[in-house]
Amino acid sequence: MDIPADFPACNFMKFYSTNDTKLRVPLAEAVFRSLPADGGLYMPDRIPTIDPFVFRNITDYSFQELAFIVADALLGEDIPKADLKEIVEETLGFDAPVRFLTPNTAVLELFHGPSFAFKDFGARFMSRVMAYLSKDEKQQLDVLVATSGDTGGAVALGFLGVQGTRVTILYPKGKVSKIQEQQLTGNGENIRALEIDGTFDDCQAMVKRAFNDADLNGSLCLTSANSINIARLIPQTFYYVWAYAQLRSQGADRVVFTVPSGNFGNIGAGLLAYRMGLPAMQFVAATNANDTVPRYLNTGEYRPQTSRQTLSNAMDVGDPSNWIRILDLFNHNLDDLRAMLTSYTFDDEQTRMGILELYNQYGYVACPHTAIGYLAAERYRSEQPGDYASLFLSTAHPCKFPEAIPADIYKSVTFPKAASSLSSERKAVVSLPVDFEQFKSYLLNSAD
């Protein structure tokens, strides 16, 4: 469907800190600074509403057209339409298909990109937005990213070879799968990997601290590629709208979205899409043993914990950064939040059972994160039966998790062509303890 040339763009958008709503900065500062100095996260100063006409006629639009409409509503005054369309089209060089398992249960497959994980959408969009906004700058852009598994691979491939950028990826030693580690450490060029002898939360804390360090910011032009960066969050709204379009084309109009959740950026993007007009019925956050959010929704007390290692390693986050964005979207009103968001937690044994059930009942091979999404979707339906489509998100290709999937099931996995060559890639990595000063020294001594 053609998009009218005069399709309305938003008024000039600025971004505030979740810790200071009076703060207002332009898009470029929000993207390149990543974190406000007060430690909050950037949010758009208003949530634009997508024209209801789009949702009434959503099956007439392509993925790229819907993504452009959403992106234009948020960024249309900062990036000219022609340039924004080009960024969207380059980002969406692969699909996010919905696959039905039953007439009312479906899975949204988000692993068809270059790193075989949902984070390809955010990483590719962000790299191109950064390149656009910095095209007249001469100083090298240093991109820092902490990963619990999939983020780093997506960012590495999203930024690989992008002129004027250098990426430093921090990942927890022994807590990512072999294929994930190969995606982090086998790139070379402008991509560097740091193996940190700690947890993902330790990696994330060092990255956050770097952005508020005067010495580092005086010597380097730092930005983040984690979901703390608003440019990562925005493109993740695209596939929620596209999923709704695909479900509508099959006759479904009431949809419950179930999202495997670790740092809560993915489901945060879904809730942002909802605030922009997506007709979602409910969101379900599916977590592993790192159950900070389910406990909060049950008790009203937010108590972060040290992250615990699980089969679903990309969700091993004890203090999810993006949770403050979700609270902000609901004006910190717990009752309103509970009305739209449900959350369940599952341990490793339950995760294994979910993998088995998906395979035995549907012949579907799922990664452990996807299995947790499936379990949460089934739990919600058992508690809230009704006439609606239950859609759970598949966040990573199962080929990345041979250690978590039973061997007799894993042997039926069809490897993407790019994945089959990973084992031959060289490994280039620097090992560091959980010590900010050593991390800082590494960044400063490699500044040239």
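My aim in this report is to walk through the structure given alongside it, one point at a time. (Residues numbered from 1 in each chain as written. Predicted model: local features only at pLDDT ≥ 70, side-chain atom pairs only at ≥ 80, totals over all residues. Heavy atoms only, no water.)

Structural notes on the nonpolar core
Condition: The term nonpolar core refers to a set of buried residues drawn from Ala, Val, Leu, Ile, Met, Phe, Trp, Tyr and Cys, joined through side-chain atoms within 4.5 Å. Each residue is placed in one exposure class: buried if its accessible area under a 1.4 Å probe, protein chains only, is under 20% of its type's maximum, exposed if it is over 50%, and partly exposed if it falls in between. In this description a helix means any DSSP run of H or I spanning at least four residues, a strand means any run of E spanning at least two, and both kinds are numbered starting from the N terminus. Contacts are assigned to residue pairs with any non-hydrogen atoms lying within 4.5 Å of each other.
Formed by 102 residues in total, the largest nonpolar core has its most connected members in Y239, Y240 and W323. With ten residues, the top contributor of residues to this core is helix α3 (residues 63-75). The residues touching Y240, leaving out its near neighbours within four places in the chain, are F257, V259, N266, I267, A269, G270, A273, L278, F283 and L393. Within the second largest apolar cluster, 23 residues are counted, among which are L194, F211, L216 and V317.

Points about the pattern of salt bridges
Applicable threshold: Definition used for salt bridges: Asp or Glu carboxyl oxygen within 4 Å of a side-chain nitrogen of Lys or Arg.
Taken as a whole and judged by the stated rule, the model has eleven salt bridges. The closest approach of N and O atoms between D45 and R24, which form a salt bridge, is 3.8 Å. Here the residue D45 occupies a position in the loop between β3 (42-44) and α2 (52-56), and R24 occupies one in strand β2 (residues 20-25), the gap between them amounting to 21 residues. Owing to a relative accessible area of 27%, D45 belongs among the partly exposed residues under this scheme.

Things to note about the sheet that holds β2
Backbone-to-backbone hydrogen bonds join strands into a sheet, with any given pair of strands oriented parallel or antiparallel. The line we're drawing: Two strands pair if DSSP finds at least two bridges between them. Axis definition: a line fitted to C-alpha atoms, limited for helices to the stretch in contact. Angles are taken between N-to-C directions and run from 0 to 180 degrees.
The three strands lie next to each other as β2-β1-β3, forming an open sheet whose pairing is antiparallel. Each edge of the open sheet is held by one strand with a lone partner, namely β2 and β3. If you compare each strand with its neighbour and ignore which way they point, the axes differ by 40° on average. Looking at chain direction, strand β1 (residues 15-17) and β3 are connected through three bridges and run antiparallel. Note on β3: the bridge partner recorded for F15 is P44.

Things to note about the packing of helix α5 (residues 119-133) against helix α6 (residues 150-159)
To keep it simple, the criterion reads: Roughly parallel refers to an angle under 35 degrees, roughly antiparallel to one over 145, roughly perpendicular to one between 65 and 115, and oblique to any angle outside these ranges. Throughout, a crossing is termed right-handed when the near helix is turned clockwise from the far one, and left-handed when it is turned anticlockwise from it by less than a right angle. Residues are grouped as follows: nonpolar covers Ala, Val, Leu, Ile, Met, Phe, Trp, Tyr, Cys and Pro; charged covers Asp, Glu, Lys and Arg; every other residue, Gly included, is treated as polar.
Interaxial distance between α5 and α6 falls to 8 Å at its minimum, and their mutual angle equals 40°. In this view, α5 runs oblique relative to α6, as classed from their interaxial angle. Here α5 runs over α6; the crossing is right-handed. Across the interface between the two elements, K119, D120, A123, R124, M126, S127, R128 and M130 of α5 pack against D150, T151, A154, V155, G158 and F159 of α6. By residue class, the composition of the contact of α5 with α6 is six nonpolar, three polar and five charged.

Quick word on unusual backbone geometry
One non-glycine residue, S34, lies in positive phi territory at about 70°. Mapped onto the elements, S34 comes out in the loop between α1 (27-33) and β3. Since its relative accessible area comes to 0%, S34 is described here as buried.

So far we have only geometry, and geometry alone does not tell us how the molecule works.
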